[in-house]
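Geometric and topological summary
For reference, the chains in residue letters:
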Amino acid sequence: MLEEAKGVKTGRFAPSPTGRMHLGNVFTALVSWLSVRNAGGRWILRIEDLDPQRSRREYASLIEDDLHWLGLDWDEGGLSDNGPAAPYSQSLRSEFYAAALERLRGTGLTYPCTCRRADIMATQAPHQSDGRIIYAGTCRPSASPPFDVGAESCPHAVRLYVPDEVINFQDGVFGRQECNLADHCGDFVLRRADGAWAYQLAVVVDDAAMGVTEVVRGCDLLLSTAQQLYLYRLLGVPAPAYAHVPLLCNAAGQRLSKRDASMSMDELRKHYSPERLIGRLAFLAGLVADASPRSAESLIGSFEIRGIPAVSALTV
Ligand code: GLU
Ligand code: ZN
């Protein structure tokens, strides 16, 4: 952890610059920002551009512009790479992920996996209806860990063994959570065969290196938390606190996505003021009694994480 960050609540917003933000992304950013500002803490903007095919610098720039327009200011990070933990774009942080991978290799819990995506899909149990892919362990060495995987040849992913163990944590919104790593996650990828770093590894390395003490993000990542806590343990670094917020849905009950033009910041900025959007989101977050227009700053004093409903989706 960074010296100057000790004792200061540090939050972050970690968007993937794969499109314009939608109202759900703004909701997450607002809750994280308010939580930090209410505590006099630091807010970091980290650009999660691990996927080179889908990430664009223009989108990161638009995210910054939208945050400015909304009045959500950050203390560190963004495209200007301002701050002690620079760089703040994941595409520039490979050396940190490589170092963490080496440490994890040292635990004897990693192994090479040469399965192709199609093989993995073919071994899926039909009841994996939530879309999570649980690896069947095809390439896992037959002896128990620590593994002696020897020399690794040909392109392969690096996978991490998970024990049959329940991870517990307290979520700031959803309360006590229990997740069995083997049942819910399975052995997971740290580095893909094409060399791309996995989100799970990068997010842990970065949150730790940036001194993040509180992660606020969408509740689609609630289950990922157990994998991340397992990584913190193996890397021997303290984990942040987590609060997962509901995802926003349109009137038809569909989760907002970057493809919904009507809920994208591009469209919303043509029709509404920042105060109208913030006021509406603050009401959804249970922070205020009505949806009248408000600035982000005016909400700082009234922030209470307890107001946020523990539901997976809220209708805009
Ligand atoms: N980059 C992820 C997203 O855009 C967020 C990851 C996180 O907050 O841990 O959904
Ligand atoms: Zn495999």
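For the structure, check the block above.
Note that the coordinates shown come from a computational prediction; the quantities given were computed from them, not determined experimentally.

Let us now look at the environment of Pro15. Assignment of secondary structure puts Pro15 in the loop between β1 (10–13) and α1 (23–38). Sequence separation between Pro15 and Leu268 is 253 residues; the distance between their C-alpha atoms is 18 Å. Apart from residues no more than four positions distant in its own chain, Pro15 is found in contact with Leu45, Arg46, Ile47, Glu48 and Ile63.

In this structure the tally under the stated criterion is 5 aromatic pairs. When the ring of Tyr111 is compared with that of Phe147, the centres are 5.7 Å apart and the planes differ by 85°; the resulting orientation is edge-to-face. Residue Tyr111 is found in strand β4 (residues 110–113), and its partner Phe147 is found in the loop between α4 (117–122) and β5 (157–160); the two are separated by 36 residues along the sequence. Through pairs of rings, three or more aromatic residues link up here, namely Tyr111, Phe147 and Tyr161. Of note, Arg159 hangs over the ring of Tyr135, and the distance from its end group to the ring centre comes to 3.4 Å.

Before going further, it helps to examine the packing of helix α3 (residues 94–106) against helix α7 (residues 224–235). Their axes nearest at 10 Å, the elements α3 and α7 cross at an angle of 75°. Comparing their axes, α7 and α3 come out roughly perpendicular. In this structure, α3 uses Ala100, Arg103 and Leu104 to contact α7, whose residues at the interface are Leu231, Leu234 and Leu235.

The strand order across the open sheet built from 3 strands is β4-β5-β8, with neighbouring strands paired in antiparallel fashion. Edge strands, defined here as strands with exactly one partner in the open sheet, are β4 and β8 (188–191). Across the sheet, the axes of successive neighbouring strands diverge by a mean angle of 45°, strand direction being ignored. Across 3 bridges, β5 lies against β8 in antiparallel orientation. Looking across to β8, one finds that Leu160 is bridged to Phe188. The sheet strands contacting α3 are β4, β5 and β8, and the helix crosses β8 at an angle near 130°. Running over the sheet, α7 touches β5 and β8 and is turned about 55° from β8.

This paragraph deals with α3. Between its first and last C-alpha, α3 extends 18 Å over 13 residues, near the 18 Å set by a 1.5 Å rise per residue. The set of residues buried in α3 consists of Tyr97, Ala100, Leu101 and Leu104. The arc that holds the buried residues of α3, viewed along the axis, is 105°, so those residues lie on one side. Exposed residues pointing more than 90 degrees away from the buried face of α3 are listed as Glu95, Arg103 and Gly106. Where α3 is buried, its residues touch β4, β5, β8, α6 (199–209) and α7. Two residues or fewer past α3, Gly108 is found with a positive phi of approximately 75°.

Let's shift gears to the site of ligand 1. Within the structure, ligand 1 sits among Arg12, Ala14, Pro15, Ser16, Glu48, Tyr199, Val203, Arg217 and Leu221. One of the side-chain N or O atoms of Ser16 is found 3.0 Å from a nitrogen atom in ligand 1. Glu48 is positioned such that a nitrogen or oxygen atom in its side chain is 2.7 Å from a nitrogen atom of ligand 1. Starting from 300 Å² of accessible surface for ligand 1 in isolation, the protein chains cover 77%. Grouping the constituent residues of the shell around ligand 1 by class yields 5 nonpolar, 1 polar and 3 charged.

Turning our eyes to something else, we now look at the coordination of the zinc ion (ligand 2). Protein-derived ligands of the zinc ion (ligand 2) are Cys113 (SG), Cys115 (SG), Tyr135 (OH) and Cys139 (SG), with the metal-ligand distances lying across 2.1 to 2.3 Å. Viewed at the metal, the 4 donor atoms of the zinc ion (ligand 2) are separated by angles of 103 to 121°, and the geometry they form is tetrahedral. Read in sequence order, the donor residues coordinating the zinc ion (ligand 2) give the pattern C-x1-C-x19-Y-x3-C. Placement of the pair is Cys115 in the loop between β4 and α4 and Tyr135 in the loop between α4 and β5, with a sequence separation of 20 residues. Accessibility expressed as a relative area gives 19% for Cys115, which makes it buried. Residue class for Tyr135 comes out buried when judged on its relative accessible area of 7%.

Thresholds, definitions, all that
- Residues numbered from 1 in each chain as written.
- Chains lettered and ligands numbered in written order.
- Predicted model: local features only at pLDDT ≥ 70, side-chain atom pairs only at ≥ 80, totals over all residues.
- Heavy atoms only, no water.
- Helix = DSSP H or I, 4+ residues; strand = E, 2+ residues; numbered from the N terminus.
- Contact = heavy atoms within 4.5 Å.
- Phe/Tyr/Trp six-rings, centres within 6.5 Å; stacked < 30°, edge-to-face > 60°.
- Lys NZ or Arg CZ within 6 Å of the ring centre and 35° of its normal.
- Axes fitted to C-alpha atoms, helices over the stretch in contact; angles between N-to-C directions.
- Parallel < 35°, antiparallel > 145°, perpendicular 65-115°, else oblique.
- Pairing = 2+ DSSP bridges.
- Expected span 1.5 Å × (residues − 1).
- Buried < 20%, exposed > 50% of the residue type's maximum accessible area, 1.4 Å probe, protein only.
- Arc of directions from axis to C-beta.
- Near = heavy atom within 4 Å.
- Polar contact = N/O pair within 3.5 Å; in protein donor to acceptor, adjacent residues only side chain to side chain.
- Areas by Shrake-Rupley, 256 points an atom, 1.4 Å probe, with all protein chains shown as cover.
- Nonpolar A, V, L, I, M, F, W, Y, C, P; charged D, E, K, R; others polar.
- Donors = N, O, S within 2.8 Å, 3.2 Å for Na, K, Ca; no water.
- Tetrahedral: all angles 85-135°; square planar, octahedral: opposite > 155°, others 65-115°.

These figures come from the coordinates and say nothing about function on their own.
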